[in-house]
Protein chains: 2
Amino acid sequence: MEENQSIINTGLRGVTIASTRISDVDGVAGRLIYRGYLVQDLAEKAGYEEVVYLLLYENLPDKQQLKEFKKRLAAERFITPEVIEALKACPADALPMDILQAGVALLANGDADVQQQTAEAVDRMAVRLIAKFPVLLAAWERIRTGKTVVEAASDLDHAANFMYMLTGERPDEDLAHFMDVALVLHAEHSFNASTFSARQVASTRAHMYAAVSAAVGSLSGELHGGANVRVMQMLKRIGTKDAVEEYVNTELEAGRVLFGLGHAVYKTDDPRAHILAPMSQKLCRRIGEEHWYEISRELEQKGKAAFKARKGIEIYTNVDFYSASLYYAMGIPIDFFTPVFAVSRVAGWTAHVIEEQFAGAAGKPTLYRPESDYIGDYCGPAECAFVSMDER
Amino acid sequence: MEENQSIINTGLRGVTIASTRISDVDGVAGRLIYRGYLVQDLAEKAGYEEVVYLLLYENLPDKQQLKEFKKRLAAERFITPEVIEALKACPADALPMDILQAGVALLANGDADVQQQTAEAVDRMAVRLIAKFPVLLAAWERIRTGKTVVEAASDLDHAANFMYMLTGERPDEDLAHFMDVALVLHAEHSFNASTFSARQVASTRAHMYAAVSAAVGSLSGELHGGANVRVMQMLKRIGTKDAVEEYVNTELEAGRVLFGLGHAVYKTDDPRAHILAPMSQKLCRRIGEEHWYEISRELEQKGKAAFKARKGIEIYTNVDFYSASLYYAMGIPIDFFTPVFAVSRVAGWTAHVIEEQFAGAAGKPTLYRPESDYIGDYCGPAECAFVSMDER
């Protein structure tokens, strides 16, 4: 193997690849907007279904529209016996994100809309996927723990029904509300890695399920949606508030990162972190484990100070930082934290797939096909002469 | 819904996003190189396993290395009973690419290497995936047609064993050789859409299966690997050589495309088409259906002439153009054409995932996180004031 130039890859940082009407992330001002609305306003005043409607149809729904949209979503809260059967064949220790990536691809089976490329067919697939994500994941949680799969409760909203199908118990008002807010906050974030994957797959004219399944794979990475799991593992490793300072110093000394601090885009606190933190505090207190919140808070302060002192840089909490302790206090299994992120983000993914497929100047997708720079000069600038087996 | 500026998306055409040592596509010269070697030389002189070795390890293997590598691949020619069980739960009319995308994600289950990020673990997953793609697809073909799943034949090479597991019959020399050459020709093509998807998912530090499953989704689109299916459907619609000219005129008049003609990168005939054409001719003749080849040849000539006459542009055959009739003459079911492409391209995908994960300047992946330009001025340049439900 020749040692040539090293591979250059800047991860497309700072490269504007498309325009979008779906959301705006202003990382300097710490401002996140869905279709014109500040995420703080939406988290405070709108429910998840309202926000999904906004993302898909560009306007907040009126009362009647919301009622009908909730009905459409509720009517899709099932997965076929074939998919349940396939899940039952999976080993109980399978990673939930692998199950979700496979499950989404399996959901395509039997949906005749996959062969259509009309706006109506794509809209139906989007609604189905948004409705079925919680159903699929809840079914897997029940199956892997040897419990009966719970039927959807048609009188519950999206977030509450997810909790119900996951646990078999109707969540109280706080739990349902906090899950709803968490779903609102994670629903959309412009061209993040998983959304970019979804758009990219859709750009080949692959169907909605193929695109969304790919996005699930992308979200699973620890530099993306997998980060909330890493945050919780970190909190558990630290264990007590008093151990935070030493942990921070040890990790930074060793050149390791502090999960949940720092973000590719934000140069200030992620606006979502400020909404998640008080919810985390309230629920951690409720279950008598306020230390998870306290460790987080201490880690935020000590981590920020240490980065400033050691590297002279400001570092900020991101969306994963307080969602970890929040989900934990909600009783969500740690390996389901990233799937919960997916349950929310599927709204953004589907909105982006629709934009990719229909909103371009030509009214159809443009295949993403970047260039690369070949630096494999194995035989110098010319191609290699083939060497027959006997001469190798 | 406000009508704002239209969405701009140039599909990253002409944008160099990374350097690579894996392959070079010179679209102007019609030159395709894998790790320094011309694809024509490899197709003529090397087998698929040799080429896979080259792609993964940067050098052509010597006799002993090739022997050991073939042994490693052959030892992985199985899928677990759990995956077989999951496939059996799927409806027989499922799209094979959906089954493959799901199946690859399911293959992750029980592979302890998914939790590792070492070069050794990633290499093992690459070899497993390359070995298991044909096994998974052949199993699905047998299951959906109600036949017994065929056990791998350890004495057969990769291509021949694929044909054997698919059909239950050992292929003769021509069939095995032509499948082998087809696999060599489709193995790698730099930053094409599916490879870009794989790299993009891997850049989040998601595992190899997640990345490759996403790539399968991307390949399924008709602007990418799905094109070979479209070519065959087109040949069937045309039916006879005499009908070609009228078909060409009708399609171009209606503003539709001719599948298999034109490519995002090549500005001359795809070098792979010249190798596939004579193989297609030979096999079509052998099964007494030379008209598929003849329609293709006529379509190439009439299509090129019509494009020149009507639009003043040169258009060229791409890799899908002659692979369609070749696969058909081999007895491959039409909806398996794109899966056969995947059986080959998984070599390129895994090589790229390895490069993405380890060859960067920092020795670890850089998350792809492009920027987008928000043009959703729903309320003018400022954000929208939230409108309460009662006022909508």
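Residues numbered from 1 in each chain as written. Chains lettered and ligands numbered in written order. Predicted model: local features only at pLDDT ≥ 70, side-chain atom pairs only at ≥ 80, totals over all residues. Heavy atoms only, no water.

### Points about the overall build of chain A
Okay, step 1: When its secondary structure is counted, chain A shows 16 helices and six strands.
Okay, step 2: Expected size for 392 residues packed as a compact globule is a radius of gyration near 21 Å; at 22 Å, chain A falls within 12% of this value.
Okay, step 3: In terms of overall dimensions, chain A has a C-alpha envelope of 70 × 55 × 45 Å along the principal axes.
Okay, step 4: Here chain A holds 392 residues, and 62% of them are scored as buried.
Okay, step 5: Contacts spanning at least 24 positions in sequence make up 75% of the contacts within chain A whose residues lie at least 6 apart.
Okay, step 6: Charged side chains of chain A number 41 positive and 54 negative; the gap between the two group centres comes to 4 Å. (Helix = DSSP H or I, 4+ residues; strand = E, 2+ residues; numbered from the N terminus. Rg over C-alpha atoms; globule rule 2.2 N^0.38 Å. Buried < 20%, exposed > 50% of the residue type's maximum accessible area, 1.4 Å probe, protein only. Contact = heavy atoms within 4.5 Å. Lys, Arg positive; Asp, Glu negative; His and termini not counted. Charge placed at Lys NZ, Arg CZ, Asp CG, Glu CD.)

### Brief notes about the interface of chain B and chain A
Okay, step 1: Each partner contributes residues to the interface: chain B has 112 residues there, and chain A has 112 residues.
Okay, step 2: Approximately 10200 Å² of surface area, both sides summed, lies buried where chain B meets chain A, with 58% of it carried by carbon and sulfur atoms.
Okay, step 3: Taken together, chain B and chain A are joined by eight salt bridges.
Okay, step 4: Notably, a salt bridge pairs Arg205 of chain A with Glu222 of chain B, separated by 3.2 Å at the nearest N-O pair.
Okay, step 5: Across the chain B-chain A interface, the total number found is 62 residue pairs in polar contact (both at pLDDT 80 or more).
Okay, step 6: Looking at which element gives the most residues to the side of chain B that touches chain A, the answer is helix H5 (residues 96-107) of chain B, with six residues.
Okay, step 7: A class-by-class count of the residues in the side of chain B that touches chain A yields 52 nonpolar, 35 polar and 25 charged.
Okay, step 8: Pairing analysis gives four bridges linking strand S5 (residues 371-374) of chain A to strand S1 (residues 16-20) of chain B, with the strands arranged parallel. When the bridges of S1 of chain B are listed, Asp373 of chain A appears paired with Ser19 of chain B. (Buried area = accessible area lost by both parts, 1.4 Å probe. Salt bridge = Lys/Arg side-chain N within 4 Å of Asp/Glu carboxyl O. Polar contact = N/O pair within 3.5 Å; in protein donor to acceptor, adjacent residues only side chain to side chain. Nonpolar A, V, L, I, M, F, W, Y, C, P; charged D, E, K, R; others polar. Pairing = 2+ DSSP bridges.)

### Here we look at a negative patch on the surface
Okay, step 1: Taken together, the side chains of Glu82 and Glu85 of chain A together with Glu82 and Glu85 of chain B present a region of like negative charge at the surface.
Okay, step 2: What makes Glu82 of chain A partly exposed here is its relative accessible area of 35%. (Patch = residues over 30% accessible without salt bridge, like charges linked within 9 Å, V, L, I, M, F, W, Y side chains within 5 Å. Areas by Shrake-Rupley, 256 points an atom, 1.4 Å probe, with all protein chains shown as cover.)

### Brief notes about the relation of the copies chain B and chain A
Okay, step 1: Overlaying chain B on chain A yields an RMSD of 0.0 Å, the required transformation being a rotation through 180 degrees with an accompanying axial translation of 0.0 Å. These values place the two chain copies in the arrangement generated by a two-fold rotation axis.
Okay, step 2: Most of the interface of chain B is mirrored in chain A: 100% of its interface residues are interface residues there too. (Least-squares fit on C-alpha atoms with pLDDT ≥ 70 in both.)

### Some details on the sheet that holds strand S3 (residues 31-34) of chain B
Residues and elements named next belong to chain B.
Okay, step 1: Ordered by their spatial adjacency, three strands build an open sheet running S2-S3-S4, and the pairing between neighbours is antiparallel. On the outer flanks of this sheet lie strand S2 (23-26) and strand S4 (37-38), each paired with one strand and no other.
Okay, step 2: Here four bridges tie S2 to S3, and the two strands are oriented antiparallel to one another. Looking at the pairing, Asp26 lines up with Arg31 of S3.

### Comments concerning the state of the cysteines
Okay, step 1: The tally for this structure, following the rule as stated, stands at two disulfides over all chains.
Okay, step 2: Free cysteine: Cys90 of chain B, not disulfide-bonded; nearest cysteine sulfur from Cys90 of chain A at 10 Å. (Disulfide = S-S within 2.5 Å.)

### Comments concerning the packing of helix H2 (residues 48-57) of chain B against helix H6 (residues 119-144) of chain B
Residues and elements named next belong to chain B.
Okay, step 1: One way to put it is that H2 packs onto H6 with a least axis distance of 12 Å and a crossing angle of 155 degrees. As far as their axial angle goes, H6 and H2 are roughly antiparallel. Like other packed secondary-structure pairs, H2 and H6 cross with a definite hand, here right-handed. Together, Tyr48, Val52, Leu56 and Tyr57 of H2 and Asp123, Ala126, Val127 and Ile130 of H6 make up the contact between the two elements. (Axes fitted to C-alpha atoms, helices over the stretch in contact; angles between N-to-C directions. Parallel < 35°, antiparallel > 145°, perpendicular 65-115°, else oblique. Left-handed = near helix turned anticlockwise from the far one by under 90°.)

### Concerning the nonpolar core
Okay, step 1: Phe133 of chain A together with Phe133 of chain B are the most contacted members of the largest nonpolar core, which has 279 residues in total.
Okay, step 2: With residues near it in sequence (within four places) discarded, Phe133 of chain B still touches Leu100, Val104, Val212, Val216, Ala342, Val343, Val346 and Trp349 of chain B.
Okay, step 3: Counting residues in each nonpolar core, the second largest holds 12 residues, with Leu12, Ala18 and Phe196 of chain A together with Tyr368 of chain B among its members. (Core = buried A, V, L, I, M, F, W, Y, C linked by side-chain atoms within 4.5 Å.)

### Some details on the side chain of Ser280 of chain B
All names here are of chain B.
Okay, step 1: In this structure, Ser280 sits in helix H13 (residues 271-286).
Okay, step 2: A residue is classified by how much of its surface remains accessible, and Ser280, at 0% relative accessible area, is buried.
Okay, step 3: Excluding residues within four positions of it along the chain, Ser280 makes contact with Tyr293, Tyr322, Ser325 and Leu326.

### Quick look at the environment of Asp111 of chain B
Residue and element names in this part refer to chain B.
Okay, step 1: Along the chain, the position of Asp111 falls in the loop between H5 and H6.
Okay, step 2: Taking the C-alpha atoms as reference, Asp111 lies 11 Å from Ile79; in sequence the two are 32 residues apart.
Okay, step 3: In this view, Asp111 contacts Met125, Arg128 and Tyr209; residues no more than four positions away in its chain are not counted.
Okay, step 4: Polar side-chain contacts of Asp111 include one of 2.5 Å to the side chain of Tyr209.

### Digging into the packing of aromatic side chains
Okay, step 1: Within this structure, the stated rule accounts for 23 aromatic pairs over all chains.
Okay, step 2: Ring geometry for Phe321 of chain A versus Tyr322 of chain A: centroids 5.0 Å apart, planes at 85 degrees, classification edge-to-face. Here the two residues Phe321 of chain A and Tyr322 of chain A agree in accessibility, since each one is buried.
Okay, step 3: Residues Phe196 of chain B and Tyr368 of chain B carry aromatic rings whose centres are separated by 5.7 Å and whose planes lie at 90 degrees to one another, so their mutual orientation is edge-to-face. Pair noted here: Phe196 of chain B is in helix H9 (residues 193-202) and Tyr368 of chain B is in the loop between helix H16 (337-358) and strand S5 (371-374), with a separation of 172 residues, a long-range link. No difference in accessibility class separates Phe196 of chain B from Tyr368 of chain B, as the two residues are buried.
Okay, step 4: Connected via pairs of aromatic rings, a cluster forms that spans Phe191, Phe196 and Tyr368 of chain A together with Phe191, Phe196 and Tyr368 of chain B.
Okay, step 5: One residue, Lys132 of chain B, lies across the ring of Phe78 of chain B, its end atom 3.5 Å from the ring centre. (Phe/Tyr/Trp six-rings, centres within 6.5 Å; stacked < 30°, edge-to-face > 60°. Lys NZ or Arg CZ within 6 Å of the ring centre and 35° of its normal.)

### Some details on the side chain of Glu298 of chain B
Okay, step 1: Assignment of secondary structure puts Glu298 of chain B in helix H14 (residues 291-311).
Okay, step 2: Residue contacts for Glu298 of chain B: discarding those within four places in its chain leaves Lys241, Val244 and Gly303 of chain B.

### Some details on helix H8 (residues 173-186) of chain A
All names here are of chain A.
Okay, step 1: For H8, built from 14 residues, the straight-helix expectation of 20 Å at 1.5 Å per residue is met to within 8% by its first-to-last C-alpha distance of 20 Å.
Okay, step 2: For H8, the buried fraction is high: 11 of the 14 residues fall into the buried class.
Okay, step 3: Among all positions in H8, only Leu175, Ala176, Phe178, Met179, Asp180, Val181, Ala182, Leu183, Val184, Leu185 and His186 are buried.
Okay, step 4: A distance of 3.2 Å separates the backbone nitrogen of Asp174 from a side-chain oxygen at the start of H8, and that oxygen is part of Asp172. (Expected span 1.5 Å × (residues − 1).)

### Things to note about the environment of Ala198 of chain A
Okay, step 1: With respect to the helices and strands, Ala198 of chain A occurs in helix H9 (residues 193-202).
Okay, step 2: Expressed as a C-alpha distance, the spacing of Ala198 of chain A and Asp111 of chain A, which sit 87 residues apart in the sequence, is 19 Å.

### What to know about the domain arrangement of chain A
All names here are of chain A.
Okay, step 1: For chain A, the assigned domains are domain 1 (23-226 + 334-363) and domain 2 (234-329).
Okay, step 2: Taking only C-alpha atoms into account, the centre of domain 1 sits 27 Å from that of domain 2.
Okay, step 3: Roughly 2000 Å² of surface becomes buried between domain 1 and domain 2 when both sides are summed, with 71% attributable to carbon and sulfur atoms.
Okay, step 4: Sorting the residues of domain 1 by area buried against domain 2 places Phe178, Leu185 and Phe337 first, and these three jointly supply 28% of that buried surface.
Okay, step 5: Applying the counting criterion to the domain 1 and domain 2 interface returns two salt bridges.
Okay, step 6: Among the salt bridges present, the one from Asp172 reaches Arg286, with a minimum N-O distance of 2.8 Å. (Domains from an automatic or database assignment.)

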